[in-house]
Amino acid sequence: MGILRGLDGLTGFEQAVVWGVLLIAVGGLVYAAVLRQSILAQDTGNDEMRKYWGFIRTGAQAYLGRQFRTIVVALVILAIALFASVLIIPASEQSKEVWGANATMAVAIGRSLAFLLGASFSYAVGAIGMNIAVQGNIRVAAASRISYNGAMQTAYRSGTVTGMLCVGLGLLGGTIIFMFYGKSAPDALLGFGFGGSLIALFMRVGGGIYTKAADVGADLVGKVEANLPEDDPRNAAVIADLVGDNVGDCAGMAADVFESFEVTIVSALILGIVLGTANAASNGGRFDFRYIIFPLIVRGIGVIASLIGNIFVRTDETRRNAMSAMNRGFYTSAAIAVVGFLGVTLYYMHDAQGNIEWAPFLATAAGIVLCIALDKVTEYFTSTHFAPVQETSRASQTGAATNILSGLALGYESSVYAVLVIAVAIFASIFFFGGARYSANTFVAVLYGVSLTGIGMLTLTGNTISMDAFGPIADNANGIGELAGLEKSARDVMDDLDSVGNTTKAITKGVAIGSAVIAAVSLYGSFFTDVQAVQRQVFNIAAGAVDKRLLTGINLANPQIFVGLLIGGALPFLFSALTIRAVSRAAGQIVNEVRRQLRIPGVMEGKVTPDYARAVGISTTAAQRELITLGVIAVLVPIIVGFLLDVEALGGFLAGTILSGQLLAVFMSNAGGAWDNAKKYIEEGNFGGKGSEPHKAAVVGDTVGDPLKDTSGPALNPLLKVINLISLLIAPIIVQVRKGQPPSVPLLVVMVVLIVVVAFTIRRSNQQTTGLQEQEMFRAQPPVGRQV
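The paragraphs below set out a description of the structure included in this document.

Calculation criteria
- Residues numbered from 1 in each chain as written.
- Predicted model: local features only at pLDDT ≥ 70, side-chain atom pairs only at ≥ 80, totals over all residues.
- Heavy atoms only, no water.
- Helix = DSSP H or I, 4+ residues; strand = E, 2+ residues; numbered from the N terminus.
- Polar contact = N/O pair within 3.5 Å; in protein donor to acceptor, adjacent residues only side chain to side chain.
- Axes fitted to C-alpha atoms, helices over the stretch in contact; angles between N-to-C directions.
- Parallel < 35°, antiparallel > 145°, perpendicular 65-115°, else oblique.
- Left-handed = near helix turned anticlockwise from the far one by under 90°.
- Contact = heavy atoms within 4.5 Å.
- Phe/Tyr/Trp six-rings, centres within 6.5 Å; stacked < 30°, edge-to-face > 60°.
- Buried < 20%, exposed > 50% of the residue type's maximum accessible area, 1.4 Å probe, protein only.
- Lys NZ or Arg CZ within 6 Å of the ring centre and 35° of its normal.
- Core = buried A, V, L, I, M, F, W, Y, C linked by side-chain atoms within 4.5 Å.
- Expected span 1.5 Å × (residues − 1).
- Bend = angle between axes of the 7 residues up to and from the residue.

Now for the environment of Arg299. The residue Arg299 is located in helix H8 (residues 290–310) in this model. Through-space distance from the C-alpha of Arg299 to that of Glu487 is 44 Å; in sequence the pair is 188 residues apart. Within the structure, the side chain of Arg299 is placed 2.7 Å from the backbone oxygen of Phe261, a separation counted as a polar contact.

Bringing the packing of helix H16 (residues 559–598) against helix H19 (residues 693–738) into the picture now. The N-to-C vectors of H16 and H19 enclose an angle of 140°; their axes lie 10 Å apart at closest approach. By the angle between their directions, the pair H16 and H19 is classed as oblique. Considering how the two elements wind past one another, H16 and H19 form a crossing that is right-handed. Contacts between H16 and H19 involve Leu571, Pro572, Phe575, Ser576, Thr579, Ile580 and Val583 from the first element and Pro707, Leu708, Thr711, Ser712, Ala715, Leu716, Leu719 and Ile723 from the second.

Another point: the packing of aromatic side chains. A full pass over the atoms with the stated rule returns 23 aromatic pairs. Aromatic pair Phe381 and Tyr417: ring centres 5.9 Å apart, planes at 20°, arrangement stacked. Residue Phe381 is located in helix H10 (residues 359–382), and its partner Tyr417 is located in helix H12 (residues 400–433); the two are separated by 36 residues in the primary sequence. Taking the relative accessible area as the measure of exposure, Phe381 reaches 4% and is therefore buried. The exposure class of Tyr417 is partly exposed, given its relative accessible area of 39%. By the ring-pair criterion, three or more aromatic residues cluster together here, those being Tyr380, Phe381, Phe386 and Tyr417. The ring of Trp53 carries Arg57 above its face, with NZ or CZ at 4.4 Å from the centroid. Over the ring of Tyr291 we find Arg290, and its NZ or CZ is 5.1 Å from the ring centre.

A few words now on the nonpolar core. Core analysis: the biggest nonpolar cluster contains 263 residues, and Phe194, Phe470, Leu497 and Phe527 have the highest contact counts within it. Leave out the neighbours within four places in its chain, and Leu497 touches Val140, Tyr148, Ala151, Met152, Ala322, Phe470 and Ala474.

This next bit is on H16. Here H16 is 40 residues long and its end C-alpha atoms lie 58 Å apart, about the 58 Å a rise of 1.5 Å per residue gives. You can read the cap of H16 off the contacts: a side-chain oxygen lies 3.0 Å from the backbone nitrogen of Gln560, and it is on Asn558.

All right, on to helix H7 (residues 238–278) then. Spanning 41 residues, H7 covers 59 Å between terminal C-alpha atoms, matching the ideal 60 Å at 1.5 Å per step. The sharpest bend along H7 reaches about 25° and sits at Gly252. Judged by how many residues are buried, H7 sits mostly within the fold: 38 of 41 residues are covered.

In structure tokens form, the structure reads like this:
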């Protein structure tokens, strides 16, 4: 065996494919670097634009630096814990086959290093993506003074840099780990996925709290109390609000989708190994690598399809239709991807008898259909062009209460249709993989199909991230245009791009939630296969033998398991409560700060520049305060449930978390998006227009929805995957330690300590800020404005 053990046993074609996928990943990164340089070469406008842009850039960089210092120690501790945890459990059969007597140490090293690699890649996607978004926004503002198409393409291509980083690094990491670890790659890839998911959780939570604390505070004082326009330079929170768009919508979303990209590959390889082993007998005793190689090929095709699709994202000065241009690029990429999947299936996916195996192709294509379906469902419930949002706008005529009630009803209803779309996609996998071909492993085959659906759904990640980042980039460009007082023609261009960006952000949030659920369901299947493998080793159960000690399903009639289900269902609500409360606390501080600065002589008259750094500092501190608290809850609660209630109850816990998390995430995202666009629909001149009483009512609804759609809802995506990956990592340890017996006294003591830790973190998060320290600070350092 050579150092690249993943190439052992592969045919010449399969080896060439693996190397080709690696080159595609590198090519995607090179394309991102070239595109970045072309964006940086564009004009940055006048001095007034650069002044306000400098505030935004400084605030964004300061936030990411502070966040990194907050989480780096936790990452090192978890890497050490992952290394130690592998030493407790027996090595898997695949690891023994690849590494022999050194299997345990090889997996321990690989998993901990892969964890750090996944965390580093996820952070890089978020940080670099955010930086290029910041660089892009001023260039969009400058380009809007010349050309609509130029401004639109600058915004989209700035997002494409992040999209290519996402797919390039995700594909690079997964392929390299497979090349080194071969059939034992899932053991290391669990660490890779966990690292990416944990960083995504931190990015989503921190960025979400930051952006919505600033946004809510700025709107409540600026729009409702002081009647200031959007992004008015007299509003002390305006820069914090614009910074928040970058750290929340750019960095957070990029890291979120990146880890879904990773996790679906992890689950596909885990389940693919089971199918490949089962097919060995009918394949002349040779392990069937098709179920591992096919997902890698699909990922590579997706990168190429996204690159080609981007060529078609363009419009002209007559049509000025950015949404149509982006849809054209997306659908072009989708068509190219499906044709590529078909070609690979016809050439490569043949069984030992020469028959074409269609199920993997159909499941992957179903993922693209699912992505489009979720796009349409989300667009219907959040776009100003359809009845639901218009009805919420109409409800604003009778006050904020009816606006909020209408948005609540809309959010609840949209959750039903979103979950039905996902259910149909999962059922399609049952249909594709439920035939006689997979009768010996129907359960595993169906869940493998679900993981391929997730891979298909994220095939066009490059396009999805481009469309998502387009929103905050256009929003920031519009803000810079307002702050710098650009001419009306440029503002009209940016207003239109900003409006389109609001729609693309809402749509891509729906895709992110759907992909998170599909990834969680596929990981759920991996949970069963991994637990069964360890149980066979611990209890000496022969391969293929039936034994009641094997985990084959979840029996909800068992009260212990039902308790796990209840706890799992409750966790997303606790998580959401803590994040919304964090936004509320920080927004209250922002409100007080903006009010204080507006009372400074000269600020309201525009003669004195507000101290923007104070609001930036409040948002930054509030965001960092919650990171470790919520990370502790996400990591420790599955551990407590698993060791106290046993591994089957942990399976019930996961089922509850997936179901309630999906419903809650869609509800919050779509309700918040609808409130936002209901306000914008009124601002377009409907129901009284800007400054009217319906508009003020809609602003209240929008501020209520802000933390839902941009903080709590999106944060549930990585939460689902972190919890599933933690459960996958600890399930073998639970089987090894518990061995089907009640918990020992030392184990109970340890669990009690962990419960105390969780309770303490929740209590710490719920402590109210008295404001006394801030008041003392203000007295010690009287506010002074800087003369313009």
